[in-house]
Amino acid sequence: MKKRKDRLWFALFTLPLLFIFTTVVVIPFLFGIAYSFVQWDGIPANPKVFVGLDNYIQLFQDERFLASAWHTLKFTILAVLLVNVFGLAFSLFVTAKLRVRNLARTMFFMPNLIGGLILGYIWQFIFTDAMGYIGESTGLTNVFFNWLLDSQFALFAMVVVFTWQFAGYTMIIYVAGLQGVPDELIEASKVDGANWWHRLTKITLPLLMPAFTICLFLTLSGAFKIYDVNLSLTRGGPNNATEMFAMNIFNEIFAYGNYGLGQAKAVLFFLVVAVFTLTQVFLTKKREVQY
């Protein structure tokens, strides 16, 4: 009787969530796959013409899409590396015995509370006005100038903004991981004469692998799917030098009216993100150690 009652409570809370997930995610995803095989402008009154795999063949001939894929790959590699390096460094700093550690946690985490669109506009002002003013005041115009107008530096500007936003979020996860490292191991290593660097590399980092798995997954998927900061900070410019995967797909569907081709790009985008993230989770899971 108790098991039956527990199942009813489980169904009561689970079925509505499954219904919402199915109607909002699964069904539109399946429709998107179906639309990727047709030629359609997205207007319900206009016919859908079945073209088979033509959309998938065409997207590999789209130089702008291939360029956006390369931009996204470069951005993701730099962003994932910097976010996790700074997140780990911040976590080590705020878990040290410092008086300002609680204030530091708040300050490091605060950028994550700002929405991506607003964040992009804030940093647009910084790169446009503040950087130019600093460059004119110091004479270092080779470094302090409007990065958003330079096709080579604009991508790095997006990396800076993404890192500034997400480093504090990964810091919280790393802090939770550091708090799970047994104190007796640290004390035993000190007694054995291990210095700070040996304790970090031989004890702390191996035991932090579950946190690395989570943080790498979140930053990897987030960097691949970035759109809001891309829209508000650079709008894909200059000369499409910062147009990412998601923005290219959005423009293909809603700006150019190529619904079928845009859906084919979206399906490929999903597969790319799935392959990269699942591979990362598999590799980092293998390196996790149990204490």
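Residues numbered from 1 in each chain as written. Predicted model: local features only at pLDDT ≥ 70, side-chain atom pairs only at ≥ 80, totals over all residues. Heavy atoms only, no water.

Enquirer: It is not clear to me how the overall build of the protein should be interpreted in this structure. Could you clarify?
Expert: What the protein contains, in helices and strands, is twelve helices and two strands. Each principal axis of the C-alpha atoms in the protein carries an extent, and together these give about 80 × 75 × 30 Å. Expressed as a percentage of the 291 residues in the protein, the buried residues total 38%. Across the protein, the fraction of contacts at a sequence separation of at least 24, relative to all contacts at a separation of at least 6, is 69%. Here the protein contributes 21 positive and 16 negative side-chain charges, whose respective centroids are spaced 14 Å apart. (Helix = DSSP H or I, 4+ residues; strand = E, 2+ residues; numbered from the N terminus. Buried < 20%, exposed > 50% of the residue type's maximum accessible area, 1.4 Å probe, protein only. Contact = heavy atoms within 4.5 Å. Lys, Arg positive; Asp, Glu negative; His and termini not counted. Charge placed at Lys NZ, Arg CZ, Asp CG, Glu CD.)

Enquirer: Would you mind showing me how to read the UniProt feature "domain: ABC transmembrane type-1" (unreviewed entry) in the protein here?
Expert: Using the residue numbers shown here, the UniProt feature "domain: ABC transmembrane type-1" (unreviewed entry) corresponds to residues 69-280. Helix and strand shares over residues 69-280 are 76% and 0% respectively, and the end C-alpha atoms of the span are 19 Å apart. (UniProt positions renumbered as here; feature names shortened; annotations may be inferred.)

Enquirer: Just to check I follow, could you spell out the packing of aromatic side chains for this structure?
Expert: Given two aromatic rings, one states the distance between the centres and the angle between the planes to describe the pair. Scanning the entire structure with this criterion turns up 24 aromatic pairs. Seen in terms of ring centroids, tyrosine 35 and tyrosine 259 are 5.5 Å apart; in terms of plane orientation they differ by 80°. Their pairing is edge-to-face. Pair noted here: tyrosine 35 is in helix 1 (residues 2-35) and tyrosine 259 is in helix 12 (residues 259-286), with a separation of 224 residues, a long-range link. Taken together, the ring pairs connect Trp123, Phe127, Phe145, Trp147, Phe153, Phe156 and Trp164 into an aromatic cluster. Against the face of tryptophan 40 rests lysine 48, its NZ or CZ located 4.3 Å from the ring centre. (Phe/Tyr/Trp six-rings, centres within 6.5 Å; stacked < 30°, edge-to-face > 60°. Lys NZ or Arg CZ within 6 Å of the ring centre and 35° of its normal.)

Enquirer: How should I be thinking about the environment of glycine 87 in this particular structure?
Expert: Looking at where glycine 87 falls in the secondary structure, it is placed in helix 3 (residues 63-94). For the pair formed by glycine 87 and threonine 163, sequence separation is 76 residues and the distance between their alpha carbons is 9.0 Å. When near neighbours in sequence (up to four residues on either side) are disregarded, glycine 87 contacts Ala167, Thr170, Met171 and Tyr174.

Enquirer: Explain a nonpolar patch on the surface here, please?
Expert: A surface patch of nonpolar side chains, about 1100 Å² in accessible area, is lined by Phe19, Ile20, Phe21, Val24, Val25, Val26, Ile27, Phe29, Leu30, Phe31, Phe270 and Leu271. Mapped by element, the contributors of at least two residues to the nonpolar patch are helix 1 and helix 12. Relative to the elements of secondary structure, leucine 30 occurs in helix 1. (Patch = residues over 30% accessible without salt bridge, like charges linked within 9 Å, V, L, I, M, F, W, Y side chains within 5 Å. Areas by Shrake-Rupley, 256 points an atom, 1.4 Å probe, with all protein chains shown as cover. Salt bridge = Lys/Arg side-chain N within 4 Å of Asp/Glu carboxyl O.)

Enquirer: Please explain the packing of helix 7 (residues 183-191) against helix 8 (residues 196-207) as it appears in this structure.
Expert: Relative placement of two packed helices is described by the angle separating their axes and the distance separating the axes. Here helix 7 crosses helix 8 at 165°, and the two axes come no closer than 11 Å. What the angle tells us is that helix 7 and helix 8 run roughly antiparallel. Between helix 7 and helix 8 lies a crossing of right-handed hand. Counting all contacts with helix 7, which are made through Leu185, Ile186, Ser189 and Lys190, the residues of helix 8 involved are Arg199, Ile203, Thr204 and Leu207. (Axes fitted to C-alpha atoms, helices over the stretch in contact; angles between N-to-C directions. Parallel < 35°, antiparallel > 145°, perpendicular 65-115°, else oblique. Left-handed = near helix turned anticlockwise from the far one by under 90°.)

Enquirer: Sorry if this is basic, but what is going on with the side chain of glutamate 243 here?
Expert: With respect to the element layout, glutamate 243 can be found in the loop between helix 10 (228-234) and helix 11 (245-255). Overall, the relative accessible area of 2% leaves glutamate 243 in the buried class. Of the polar contacts made by the side chain of glutamate 243, one reaches the side chain of arginine 64; its length is 2.9 Å. Here asparagine 248 takes part through its side chain, which lies 3.1 Å from a polar atom of the side chain of glutamate 243. Ignoring any residue separated from it by four or fewer positions in sequence, one finds glutamate 243 in contact with Arg64, Ser68, His71, Asn230, Gly236, Asn248 and Asn251. (Polar contact = N/O pair within 3.5 Å; in protein donor to acceptor, adjacent residues only side chain to side chain.)

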